[in-house]
Amino acid sequence: MIGNFTHSLSAWLVNISIAMTALRTNLMRSILTTLGVMIGVFAVTLAVAVGSGAQVSVMQSINALGSNMALVFPQPDSEGGSRSNFDRGRLTMRDARAIEKQIDGITQIAPQLRTNIQLVVAGRNASTIAIGATPGYADVANVAADTGRFISEADVRSAARVVVLGPSVARKLFGGFDPIGETVRINRAPFTIVGVLESKGSSFGNDNDDLAIMPISTTRQRFAGDSLAGPDDLQMLFVGFEDGVSLSRAKRQLTALLRDRNRVRDNEINPFTIRTTEEFMKETGQVTSIFQIVLVAIASISLLVGGIGIMNIMLVSVTERTREIGLRMALGAKRSDIRNQFLVEAAVLCVIGGVMGLILAFASGFALTKYADFPVPIGLSVAIGAILFSAAVGLIFGGYPAIRASRLSPIEALRSE
Amino acid sequence: MALVEVRDLVKNFILGDEIVRAVDGVSLSIDKGEYVAIMGASGSGKSTFMNMIGCLDVPTSGEVRIDDIATSEMDSDALAELRNQKIGFVFQQFNLLARTTALDNVAVPLIYAGLNTADRRDKAKAKLEEMGLGDRLDHSPAKLSGGQQQRVAIARALVTEPLILLADEPTGALDTKTSEDIMQIFESLNDAGITIIVVTHEEDIAQHAHRNIHFRDGKVIEDKPVIDRRSTKDDR
Ligand SMILES: Nc1ncnc2c1ncn2[C@@H]1O[C@H](COP(=O)(O)OP(=O)(O)OP(=O)(O)O)[C@@H](O)[C@H]1O
Ligand SMILES: [Mg+2]
């Protein structure tokens, strides 16, 4: 058993050394053939990496939203009914309190109003979205003050004119200066800046730092105006859940509760919409998988072309070396020996191309990550996969020429010129 | 006991709508230790006959027995093993692998015999030294003379210690002096017990053998012992 193994190992080593000699003999030809495989492996590896980079990017932006939560907003949703019984959506602070009280597994709720604002300070101005929130927003939406503080219960109670800026807004208005304690005019009213948020970067060109946060009560008083139906209305409610809580079950409970509170009848649609982070992940996951499949499929065409190049050159090699094949058979080579010799030669070509393609893909992935701010992760499994895949290309496309070589008759091969 | 035994051996080639009877019903046997020269005009079927004895080609009909084994029942793997273990080939054009050292050329049959690298090197080196090429181990064929190349080829044929040495016009590409050297090697190999079958056009070369077989049109027309045998020893 051991002897058999070392024998076959030694036979493979011999084949590799025969292959190297043959490839060196036609160096230029070998390099050009390898180039085809290299480009193919490069394209496929990069496609896989870009695809999974997109996936990572999407997941990051969903995580930036807050990890385990449901978003409720007052927009009629056709799920669960057909008749349009509500011309406008409905979601109130009382609904939010009822949700917090009656549904299990909730960590925090974050009721919100949202409005576009214009900030002016010393001649500089910026426009951004203001989120009127409560202190609980920090937890649920996974944000925190980097300098200064977040809004407090007291701010909310007194409808204080305080604002927490996103880093992008702070930079636009103050450059490198510390804005804490400064006054900024928002839609002409003076506000005190009490904090600047930690950066959450950007995802897909969307700046997560371009926002401002102020107390929900302040927003209601100064900016909401006529856009709300009632003084208690909300434009958005984040409901944060403990880890491990089933969001699909939570969504069913939320729906039932809100339908009940709004006295929605069985055949009527919801005057509100509920979306969960779980749903976002699933949907975007599907989109990015399709994106990845399409990308890899296109890249595979170049690998196919590389493989055809391998087959072509192996057929030439077999024809050129027919006499050598005959000689080896005369000296005792079995059909399987000849077949393996040419298979190894094709596989060596492909693996060399595969390694070079992989190195190229690593370099490009690194450059993309660094300079284009787009994550292109090439993991160990992708690397090993690429090498095995290129070896497989060698075996598949080298297979026919190798079998053809092994089927030659010894004497006809030996007599050929 | 007959080492090579041939019964009613026929080999036809079909060229267009014409059948060429290259070997046309040959029966003979060659004993262990014999030294046989096969003669005959060009196209008389000598090479075709040798190729069938060497199990490189399959007969149209008839039988070849090597060392008392019928080759007609063997598959291609078994024939490869038989060639590897029992038969050594020497060709007119040497057939060495280019860009490959003398040592590696001689070691080729040992790859297929399943020897490891160290053993292959040792045996190949020993054979080349026997052929007087101990100082040419790392030379590629292009850097060797014709006679040296043929000696490398002989070392390769002998490296698996075969029973039979088949040589199809081994001196055809060599000058007279070098041919004599090769004949001297054959003679000492035969003295050591190896059965030799050599195809040749040259009467001089044939006179070194014990037995001359003449072919004409695929048939044996004469099969006689050599009376006045020439030996390279006579020249000294
Ligand atoms: N593969 C083949 N296909 C067709 N005809 C062949 C083939 N091999 C040999 N022949 C024919 O068979 C006959 C015998 O050929 P063979 O090579 O055995 O002759 P030979 O005695 O070795 O001649 P030479 O002394 O020139 O080498 C010739 O007529 C040749 O043309
Ligand atoms: Mg001939």
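Residues numbered from 1 in each chain as written. Chains lettered and ligands numbered in written order. Predicted model: local features only at pLDDT ≥ 70, side-chain atom pairs only at ≥ 80, totals over all residues. Heavy atoms only, no water.

As for the overall build of chain A
Each helix and strand in chain A was counted, giving 13 helices and twelve strands. The C-alpha atoms of chain A give 33 Å as radius of gyration, which overshoots the globular expectation for 417 residues (22 Å, by more than 25%). Along the first, second and third principal axes, the C-alpha set of chain A runs to 100 × 55 × 40 Å. Counting across all 417 residues of chain A, residues that qualify as buried make up 48%. (Helix = DSSP H or I, 4+ residues; strand = E, 2+ residues; numbered from the N terminus. Rg over C-alpha atoms; globule rule 2.2 N^0.38 Å. Buried < 20%, exposed > 50% of the residue type's maximum accessible area, 1.4 Å probe, protein only.)

Here we look at the side chain of aspartate 155 of chain A
All names here are of chain A. With respect to the element layout, aspartate 155 can be found in helix α5 (residues 153-158). Residue aspartate 155 is classed as buried on the basis of its relative accessible area, which comes to 7%. If we ignore the near neighbours within four places in the chain, the residues touching aspartate 155 are Arg149, Phe150, Ala160, Val162, Pro215 and Ser217. (Contact = heavy atoms within 4.5 Å.)

Details of the pairing of strand β6 (residues 183-186) of chain A
Residues and elements named next belong to chain A. Burial along β6 is one-sided: the face carrying Val184 and Ile186 is buried and the face carrying Thr183 and Arg185 is not. Inspection of the sheet shows strand β2 (residues 106-121) paired to β6 by two bridges, in the antiparallel sense. Residue valine 120 lies in a different strand from β6, and its bridge partner there is arginine 185. Pairing geometry for β6 and strand β7 (residues 189-197), over four bridges, is antiparallel. Counterpart to threonine 183 in the pairing with β7 is threonine 192. Here β6 folds back onto β7, and the loop between the two strands holds two residues, one of which, asparagine 187, carries a positive phi near 45 degrees. (Pairing = 2+ DSSP bridges.)

Looking at helix α7 (residues 216-224) of chain A
Each α-helix winds once per 3.6 residues, and so residues spaced three or four apart point in a common direction. When we look at burial in α7 of chain A, the residues that qualify are Ile216, Ser217, Thr218, Thr219, Phe223 and Ala224 of chain A. Along its buried surface, α7 of chain A packs onto β2, β3 (124-133), α5, β6, β7 and β10 (211-215) of chain A.

As for helix α4 (residues 117-130) of chain B
All names here are of chain B. Over its 14 residues, α4 runs 20 Å from end to end, which matches the ideal 20 Å to within 8%, given 1.5 Å per residue. Turning to α4, its buried residues number three or more, namely Arg120, Ala124, Lys127 and Leu128. Projected down its long axis, α4 shows its buried positions confined to an angular sector of 100 degrees, all on one face. Residues Asp122 and Glu130 are exposed on α4 and point more than 90 degrees away from its buried face. For α4, the N-terminal cap is asparagine 116; the gap from its side-chain oxygen to the backbone nitrogen of alanine 118 is 3.2 Å. (Expected span 1.5 Å × (residues − 1). Arc of directions from axis to C-beta. Polar contact = N/O pair within 3.5 Å; in protein donor to acceptor, adjacent residues only side chain to side chain.)

Things to note about the packing of helix α3 (residues 93-102) of chain A against helix α8 (residues 247-261) of chain A
The relative placement of two packed helices is expressed as an angle between their axes plus a distance between the axes. All names here are of chain A. Contact geometry for α3 and α8: axes closest at 11 Å, N-to-C directions at 135 degrees. For the element pair α3 / α8, the angle class is oblique. Classified by chirality, the crossing of α8 by α3 is right-handed. Here Arg94, Asp95, Ala98, Ile99 and Gln102 of α3 come into contact with α8, specifically with Leu254, Leu257, Leu258 and Arg261. Residue classes in the contact of α3 with α8 are distributed as five nonpolar, one polar and three charged. (Axes fitted to C-alpha atoms, helices over the stretch in contact; angles between N-to-C directions. Parallel < 35°, antiparallel > 145°, perpendicular 65-115°, else oblique. Left-handed = near helix turned anticlockwise from the far one by under 90°. Nonpolar A, V, L, I, M, F, W, Y, C, P; charged D, E, K, R; others polar.)

Quick look at the packing of helix α5 (residues 146-158) of chain B against helix α6 (residues 176-191) of chain B
All names here are of chain B. Packing of α5 against α6 leaves a shortest axis separation of 10 Å and a crossing angle of 20 degrees. If you check the angle between α5 and α6, you find them roughly parallel. Taken as a pair, α5 and α6 cross one another with a handedness that is right-handed. Two secondary-structure elements touch here, α5 through Gly147, Gln150, Arg151, Ile154 and Leu158 and α6 through Thr178, Ile182, Ile185, Phe186 and Leu189. Partitioned by chemical class, the residues of the contact of α5 with α6 number six nonpolar, three polar and one charged.

Focus: the sheet that holds strand β2 (residues 18-31) of chain B
All names here are of chain B. The antiparallel open sheet is built from four strands, whose spatial order is β2-β1-β4-β5. In this open sheet, the two strands that pair with only one neighbour each are β2 and β5 (69-70). Direction of pairing for strand β1 (residues 2-15) relative to β2: antiparallel, over a ladder of eleven bridges. The partner of valine 4 across the bridge, within β2, is isoleucine 30.

Some words on the domain arrangement of chain A
Often, the extent of an interface is quoted as the loss of accessible area upon association of its parts. Residue and element names in this part refer to chain A. Domain annotation of chain A identifies domain 1 (13-61 + 285-415) and domain 2 (69-282). The distance between the C-alpha centroids of domain 1 and domain 2 comes to 53 Å. On the domain 2 side, the residues contacting the nine residues of domain 1 number six residues. Summed over both partners, the interface of domain 1 with domain 2 comes to about 540 Å²; 58% of that surface belongs to carbon and sulfur atoms. Across the contact surface, domain 1 and domain 2 share zero salt bridges. Here domain 1 is connected to domain 2 by three residue pairs in polar contact (both at pLDDT 80 or more). For the side of domain 1 that touches domain 2, the elements supplying multiple residues, two or more each, are α2 (27-65) and α9 (277-320). (Domains from an automatic or database assignment. Buried area = accessible area lost by both parts, 1.4 Å probe. Salt bridge = Lys/Arg side-chain N within 4 Å of Asp/Glu carboxyl O.)

Some thoughts on the pattern of salt bridges
Residue and element names in this part refer to chain B. Enumeration over the complete set of coordinates arrives at 27 salt bridges over all chains. The salt bridge involving arginine 65 is made with aspartate 68; its shortest N-O contact spans 3.8 Å. Judged by relative accessible area, arginine 65 falls into the partly exposed class, the value being 27%. The exposure class assigned to aspartate 68 is partly exposed, which follows from its relative accessible area of 46%.

Focus: a nonpolar patch on the surface
Residues and elements named next belong to chain A. On the surface, Leu9, Leu13, Ile16, Met20, Leu27, Met28, Ile31, Leu32, Leu35, Ile39, Ile352 and Met356 cluster together into a nonpolar patch covering about 1000 Å² of accessible area. Taken together, the elements giving at least two residues each to the nonpolar patch come down to α1 (2-25), α2 and α11 (335-371). Looking at the secondary structure, you find leucine 9 in helix α1. Taking the relative accessible area as the measure of exposure, leucine 9 reaches 42% and is therefore partly exposed. (Patch = residues over 30% accessible without salt bridge, like charges linked within 9 Å, V, L, I, M, F, W, Y side chains within 5 Å. Areas by Shrake-Rupley, 256 points an atom, 1.4 Å probe, with all protein chains shown as cover.)

Quick word on the site of ligand 1
Taken together, 15 residues lie near ligand 1, and Ser42, Gly43, Lys46, Ser47 and Thr48 of chain B sit nearest. Positioned at a junction of chains, ligand 1 has nearby residues supplied by chains A and B. Lysine 46 of chain B is positioned with one of its side-chain polar atoms (N or O) 2.7 Å from an oxygen atom of ligand 1. The separation between an oxygen atom of ligand 1 and a polar side-chain atom of histidine 201 of chain B is 3.2 Å. Protein contacts shield 71% of the accessible area of ligand 1, which totals 630 Å² for the unbound molecule. Of all the secondary structure elements, the ones that give two or more residues to the shell around ligand 1 are β1, β2 and α1 (46-53) of chain B. A total of three residues in the shell around ligand 1 trace back to one element, the largest contributor, which is α1 of chain B. Each residue belonging to the shell around ligand 1 can be placed in one class, and the counts come to five nonpolar, seven polar and three charged. (Near = heavy atom within 4 Å.)

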